[in-house]
Amino acid sequence: MPKLNIALLQLKTSPIKHENFTSARRLLTQALTKSPNLDLVVLPECFNSPYSIKLFRQYCEPIPSGETTHFLSNLAKEFNVNLIGGSYPEKTPEGIYNTSTVFNQQGELIAKHRKVHLFDVDIPGKITFQESKVLQPGSKSTVFDISSQRSKTPFKTTVGLGICYDLRFPELAHKMARQPHSSSLLVYPGAFNTITGPLHWELLARARAVDNQCFVALCSPARDPDAKYLAYGHSIIVDPVGRVIAEAGEGEEILTCEIELDDVNEFRKNVPLNEQRRFDVYE
Ligand SMILES: NC(=O)CC(=O)C(=O)O
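Reading the values: the criteria
Residues numbered from 1 in each chain as written. Predicted model: local features only at pLDDT ≥ 70, side-chain atom pairs only at ≥ 80, totals over all residues. Heavy atoms only, no water. Helix = DSSP H or I, 4+ residues; strand = E, 2+ residues; numbered from the N terminus. Rg over C-alpha atoms; globule rule 2.2 N^0.38 Å. Buried < 20%, exposed > 50% of the residue type's maximum accessible area, 1.4 Å probe, protein only. Near = heavy atom within 4 Å. Polar contact = N/O pair within 3.5 Å; in protein donor to acceptor, adjacent residues only side chain to side chain. Areas by Shrake-Rupley, 256 points an atom, 1.4 Å probe, with all protein chains shown as cover. Nonpolar A, V, L, I, M, F, W, Y, C, P; charged D, E, K, R; others polar. Contact = heavy atoms within 4.5 Å. Pairing = 2+ DSSP bridges. Axes fitted to C-alpha atoms, helices over the stretch in contact; angles between N-to-C directions. Patch = residues over 30% accessible without salt bridge, like charges linked within 9 Å, V, L, I, M, F, W, Y side chains within 5 Å. Salt bridge = Lys/Arg side-chain N within 4 Å of Asp/Glu carboxyl O. Core = buried A, V, L, I, M, F, W, Y, C linked by side-chain atoms within 4.5 Å.

- An unreviewed UniProt entry annotates the chain as CN hydrolase domain-containing protein of Wickerhamomyces pijperi.

Listed below in structure tokens is the structure:
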């Protein structure tokens, strides 16, 4: 039975970029001490800086030539682990993107996702956030294959990747999880907040898992009570049936879980939604 061992590193971000690198390395070291068979490690959205419209410009860097990409690539290679580098602001000639990079065990950049749906909301008296004031939206869905030689049960599987607000859009998840990609796991580095987190974080993770009959993993930054933006925390992993199989609290934490990849095919066989869809009716 192929099993994927995953760790979500719910780290507390600092305004000092290098402190975030130190935290990522420290948590990864602890995670591997606890679970030496880790196949995939995930960092949170905006792991190298505070999540702030005012700061994206200050922290942005080119990918792959910037220091954060170098740091992540070296980390993946040094620890011999597949790594989803949360997200960080990417500087390009056409503007800034909120971008997630993925590295294999050799430290090679194997995928890059630019947040497609920008977090533009206004809930009066509660939260106003307008990513589009500073960021450009990505225009592609992202899937990639990972394999692992670390695991006791070597495997190859397809993973879909979104960032935070992307989670609210079932169409993007469907695209990543249906044929021809058939992702068995959808990963979203995400920084929901203390307003929308309690309302929708778990609900959306479970909804995307049930819709697509796959595992869903959301990796949040830890909550920092002194920060302007209060991240929700509660990094979470949901199985293809929609059950929460691991959940963190609010503070800095490493969430690890063993994912039985065969559960995806089994549940898709038992409840064959993919064969039963009626696109003739929906279109
Ligand atoms: N921060 C986000 O991109 C999304 C979010 O907080 C929400 O959808 O709620």
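From this point on, the discussion continues.
Quick look at the overall build of the chain
- If you tally the helices and strands in the chain, you get eight helices and 15 strands.
- In terms of C-alpha radius of gyration, the chain reaches 18 Å, essentially the compact-globule figure of 19 Å for 283 residues.
- A principal-axis box enclosing the C-alpha atoms of the chain has dimensions of 50 × 45 × 35 Å.
- Out of the 283 residues in the chain, the part that is buried amounts to 57%.

Things to note about the site of the ligand
- Every residue lining the ligand is accounted for by Tyr51, Lys115, Phe119, Cys164, Tyr165, Arg168, Ala191, Phe192, Asn193, Thr196 and Tyr229.
- Between arginine 168 and the ligand, the recorded distance is 2.6 Å, taken from a side-chain N or O atom to an oxygen atom.
- Here an oxygen atom of the ligand and a side-chain polar atom of threonine 196 are 2.6 Å apart.
- When the free accessible area of the ligand is taken as 270 Å², the share hidden by the protein chains comes to 100%.
- Among the residues forming the shell around the ligand, the class breakdown is seven nonpolar, two polar and two charged.

Examining unusual backbone geometry
- For the peptide bond that leads from isoleucine 63 to proline 64, omega is 15°, which places it in the cis range.
- Along the chain, the position of proline 64 falls in the loop between helix H2 (56–59) and helix H3 (67–79).
- Look at the link from glutamine 179 to proline 180: it is a cis peptide, with omega at 0°.
- A positive phi is found at glutamine 213, a non-glycine position, where the angle reads about 50°.
- By relative accessible area, glutamine 213 is classed as buried at 1%.
- We note that histidine 234 has phi near 60°; this positive angle belongs to a residue other than glycine.
- When you line up the elements, histidine 234 lands in the loop between strand S12 (215–219) and strand S13 (236–238).
- Look at histidine 234 and you get buried, because its relative accessible area is 15%.

What to know about the environment of leucine 11
- Secondary-structure assignment places leucine 11 in the loop between strand S1 (3–10) and helix H1 (17–34).
- Exposure remark for leucine 11: the relative accessible area of 0% places this residue in the buried category.
- When the C-alpha positions of leucine 11 and glutamate 108 are compared, they lie 23 Å apart, and in sequence the two are 97 residues distant.
- For leucine 11, the contacting residues outside a window of four places in its chain are Asn20, Ser23, Ala24, Leu27, Leu43, Pro44, Phe47, Ser220, Pro221, Ala222 and Glu252.

Structural notes on the pairing of strand S7 (residues 120–123)
- Pairing between S7 and strand S8 (residues 127–130): four bridges, direction antiparallel. Residue pairing for S8: isoleucine 123 is matched across the bridge by isoleucine 127.
- Hairpin connection between S7 and S8: a loop of three residues separates the two successive antiparallel strands, and glycine 125 in this loop has a positive phi of roughly 75°.

A few points about the side chain of glutamine 105
- Relative to the assigned elements, glutamine 105 resides in the loop between strand S5 (95–103) and strand S6 (109–114).
- From its side chain, glutamine 105 meets the backbone oxygen of asparagine 80 in a polar contact 3.2 Å long.

Considering the sheet that holds strand S9 (residues 142–148)
- What the six strands build is an open sheet, ordered S9-S10-S11-S12-S13-S14; its pairing is mixed. Strand pairing shows two members of the sheet lacking a second neighbour, S9 and strand S14 (244–247), which therefore form its edges. Adjacent strand axes in the sheet meet at a mean angle of 20° when their direction is disregarded.
- Where strand S11 (residues 185–189) meets S12, five bridges bridge the pair, whose relative direction is parallel. Within the sheet, the bridge partner assigned to proline 189 lies in S12 and is cysteine 219.

Section: the environment of proline 89
- Tracing the backbone through its elements, the reader meets proline 89 in strand S4 (residues 88–92).
- Along the primary structure proline 89 and glutamate 260 are separated by 171 residues, whereas in three dimensions their C-alpha atoms are 33 Å apart.
- The contacts of proline 89, once residues within four sequence positions are left out, are Asn48, Ser49, Phe56, Tyr59, Cys60, Glu61, Ile96 and Tyr97.

Points about a nonpolar patch on the surface
- A cluster of nonpolar side chains, Phe279, Val281 and Tyr282, forms an exposed patch at the surface whose accessible area comes to about 330 Å².
- For valine 281, the location among the structural elements is in helix H8 (residues 279–282).
- Looking at valine 281, the relative accessible area reads 53%, which means it is exposed.

Observations regarding the nonpolar core
- Core analysis: the largest hydrophobic core is formed by 26 residues, its most contacted members being Ile6, Leu185 and Ile237.
- For this core, the secondary-structure elements that each account for two or more residues are S1, strand S2 (40–42), S9, strand S10 (155–161), S11, S12 and strand S15 (253–260).
- Filtering out sequence-adjacent residues up to four positions away, leucine 185 remains in contact with Ile6, Leu40, Thr158, Val159, Gly160, Cys214, Phe215, Val216, Ala217 and Ile259.
- Membership of the second largest hydrophobic core comes to 24 residues, among which are Leu38, Val41, Phe71 and Ile254.

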